[in-house]
Amino acid sequence: MRYVDIIQKRRMFEERKPFPEGFRQKASKLNLFDFAYYDLRLNGSNLTAEGVWRIVNGGMVPGASVQDHAAVSRYRALLELFADMIGMKISLDERQLTRVYATLSDEPEPKYRIGTPILYHLDYTPPLPEDIRDLMRAIFRSLSEDPAMLGKYGAHSDSKNAIRRAALMHDRIICVYPYDRCSEGLARAALQFELISAGFPIAPLDIPETEYNNRIAKALRSGDEGALEEIIIAGLDKKYDNLLKLLD
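For clarity, every value in this text was computed on a predicted model and none was experimentally measured.

Participant: Hey, could you run me through the packing of aromatic side chains in this one?
Facilitator: Counted under the stated rule, the structure contains 13 aromatic pairs. Relative to tyrosine 38, the ring of phenylalanine 33 has its centre 6.4 Å away and its plane inclined at 80°; by these criteria the two rings are edge-to-face. By relative accessible area, phenylalanine 33 is classed as buried at 6%. With 5.2 Å between their ring centres and 50° between their planes, tyrosine 112 and tyrosine 179 make a pair best called tilted. Remark: tyrosine 179 occurs in the loop between helix H8 (159-176) and helix H9 (183-197) and tyrosine 112 occurs in the loop between helix H5 (94-105) and helix H6 (132-145); sequence separation between them is 67 residues. In this pair, the class of tyrosine 112 matches that of tyrosine 179, namely buried. Three or more aromatic residues joined by ring pairs form one cluster here, namely Phe13, Phe19, Phe23 and Tyr240. Its guanidinium or amino end placed over the ring of phenylalanine 200, arginine 10 lies 4.3 Å from that ring's centre, counting from NZ or CZ.

Laid out in structure tokens, this is it:
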């Protein structure tokens, strides 16, 4: 699958404007589902697709935990936060990423980790706590200057580079692993924000948890960043197909 396929489908989708009445509500629910279901699955949740759809539509899932129901509410709150930030033309930086984390984790006053965990599932030990703040600031600086991204496609405002930027943001946040909880979820939330801010919809990250961990572990070992780039492309391809079906 190529970038050009995504751009072509995006163009087909945009050419259908003005969208019919009721479409935006359906598209918003699809975005929430794609965000919540695939992210929960990567977190090891057993909540089914049918269960997530039921919660998205305001229902309850018998047997599902209170935490699962609350998690879907937090993804909804994240999308609302993203919309507010984009409406005010706010880009991600260390401060804004802290806001994203507070919403995702339901921690009103987040603090960076004070220990150094061994991440057995990623075969990785993250940097020392005293280095986290400088490393987090460096992420945003590097994504504005780093030839690893800019050299590949040109100006980072280009939609191709937006996908690359999202993939690099994800990998670099996990590399720092700033929080004891939800650091991987934070990386995926930042990935989705970068896509939305570039005019893309939420991309379903349709990848098994084991493969996800293996890809990240390999990237951390080799330094070959962009572990999810092709997964993002496949997700956007699927998403535009689903959005176009909603318009038929």
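Participant: Just checking my understanding: could you explain the nonpolar core for this structure?
Facilitator: Nonpolar side chains tend toward joint burial in soluble globular proteins. Counting residues in hydrophobic clusters, the biggest one holds 81 residues, and the most contacted among them are Tyr75, Phe82, Leu92, Leu195, Phe200 and Ile232. The element that contributes the greatest number of residues to this core is helix H2 (residues 23-42), accounting for 11 residues.

Participant: Help me understand the packing of H2 against helix H4 (residues 66-87), please; the structure alone is not making it clear to me.
Facilitator: Helices that pack against each other are described as a pair by the angle of their axes relative to one another and the distance between those axes. Direction vectors running N to C along H2 and H4 enclose 130°, while the axes themselves pass 10 Å from each other. Accordingly, the angle class assigned to the pair H2 and H4 is oblique. When the axes of H2 and H4 are compared, the crossing they make is right-handed. Contacts from Asn31, Leu32, Phe35, Ala36, Asp39 and Leu40 of H2 reach H4 at Asp68, Ala71, Val72, Tyr75, Arg76, Leu78, Leu79 and Phe82. Tallied by class, the residues present in the contact of H2 with H4 amount to 10 nonpolar, one polar and three charged.

Participant: Teacher, can you tell me more about the side chain of asparagine 31 here?
Facilitator: Looking at the secondary structure, you find asparagine 31 in helix H2. Among the polar contacts listed, one links the side chain of asparagine 31 to the backbone nitrogen of isoleucine 202, at a separation of 3.1 Å. Those residues in contact with asparagine 31 that lie beyond four places of it in its chain are Leu79, Pro201, Ile202 and Lys239.

Participant: Looking at this structure, how should I read the environment of threonine 48?
Facilitator: Tracing the backbone shows threonine 48 in the loop between H2 and helix H3 (49-56). With 142 residues separating them along the chain, threonine 48 and alanine 190 place their C-alpha atoms 24 Å apart.

Participant: Quick question: what am I supposed to make of unusual backbone geometry here?
Facilitator: Excluding glycine, most residues fall at negative phi; most peptide bonds, likewise, are trans. In this structure, proline 18 follows lysine 17 across a cis peptide bond, with omega equal to 0°. Turning to its location among the elements, proline 18 is positioned in the loop between helix H1 (3-14) and H2. Even without glycine at this site, aspartate 106 takes up a positive phi of about 60°. Inspection of the secondary structure puts aspartate 106 in the loop between H5 and H6. At cysteine 182, a position not held by glycine, the phi torsion is positive, near 65°. Among the secondary structure elements, cysteine 182 is positioned in the loop between H8 and H9. Owing to a relative accessible area of 27%, cysteine 182 belongs among the partly exposed residues under this scheme.

Participant: I tried to follow H5 on my own but got confused; where do I start?
Facilitator: An α-helix turns once every 3.6 residues. As a result, residues three or four positions apart point the same way. When the terminal C-alpha atoms of H5 are compared, their 16 Å separation across 12 residues agrees well with the 16 Å that a helix rising 1.5 Å per residue should span. Here H5 has its buried residues at Glu94, Gln96, Leu97, Val100, Tyr101, Ala102, Leu104 and Ser105. Two to three positions downstream of the cap, the backbone nitrogen of arginine 95 sits 3.2 Å from a side-chain oxygen, assigning the N-cap of H5 to aspartate 93. At the exit of H5 stands aspartate 106, carrying a positive phi of roughly 60°.

Participant: Before we go on, may I ask you to explain the environment of methionine 12 in this structure?
Facilitator: Considering the arrangement of structural elements, one finds methionine 12 in helix H1. Judged by its relative accessible area of 40%, methionine 12 is partly exposed. Through-space distance from the C-alpha of methionine 12 to that of leucine 244 is 8.3 Å; in sequence the pair is 232 residues apart.

Conventions used here
- Residues numbered from 1 in each chain as written.
- Predicted model: local features only at pLDDT ≥ 70, side-chain atom pairs only at ≥ 80, totals over all residues.
- Heavy atoms only, no water.
- Phe/Tyr/Trp six-rings, centres within 6.5 Å; stacked < 30°, edge-to-face > 60°.
- Buried < 20%, exposed > 50% of the residue type's maximum accessible area, 1.4 Å probe, protein only.
- Helix = DSSP H or I, 4+ residues; strand = E, 2+ residues; numbered from the N terminus.
- Lys NZ or Arg CZ within 6 Å of the ring centre and 35° of its normal.
- Core = buried A, V, L, I, M, F, W, Y, C linked by side-chain atoms within 4.5 Å.
- Axes fitted to C-alpha atoms, helices over the stretch in contact; angles between N-to-C directions.
- Parallel < 35°, antiparallel > 145°, perpendicular 65-115°, else oblique.
- Left-handed = near helix turned anticlockwise from the far one by under 90°.
- Contact = heavy atoms within 4.5 Å.
- Nonpolar A, V, L, I, M, F, W, Y, C, P; charged D, E, K, R; others polar.
- Polar contact = N/O pair within 3.5 Å; in protein donor to acceptor, adjacent residues only side chain to side chain.
- Expected span 1.5 Å × (residues − 1).

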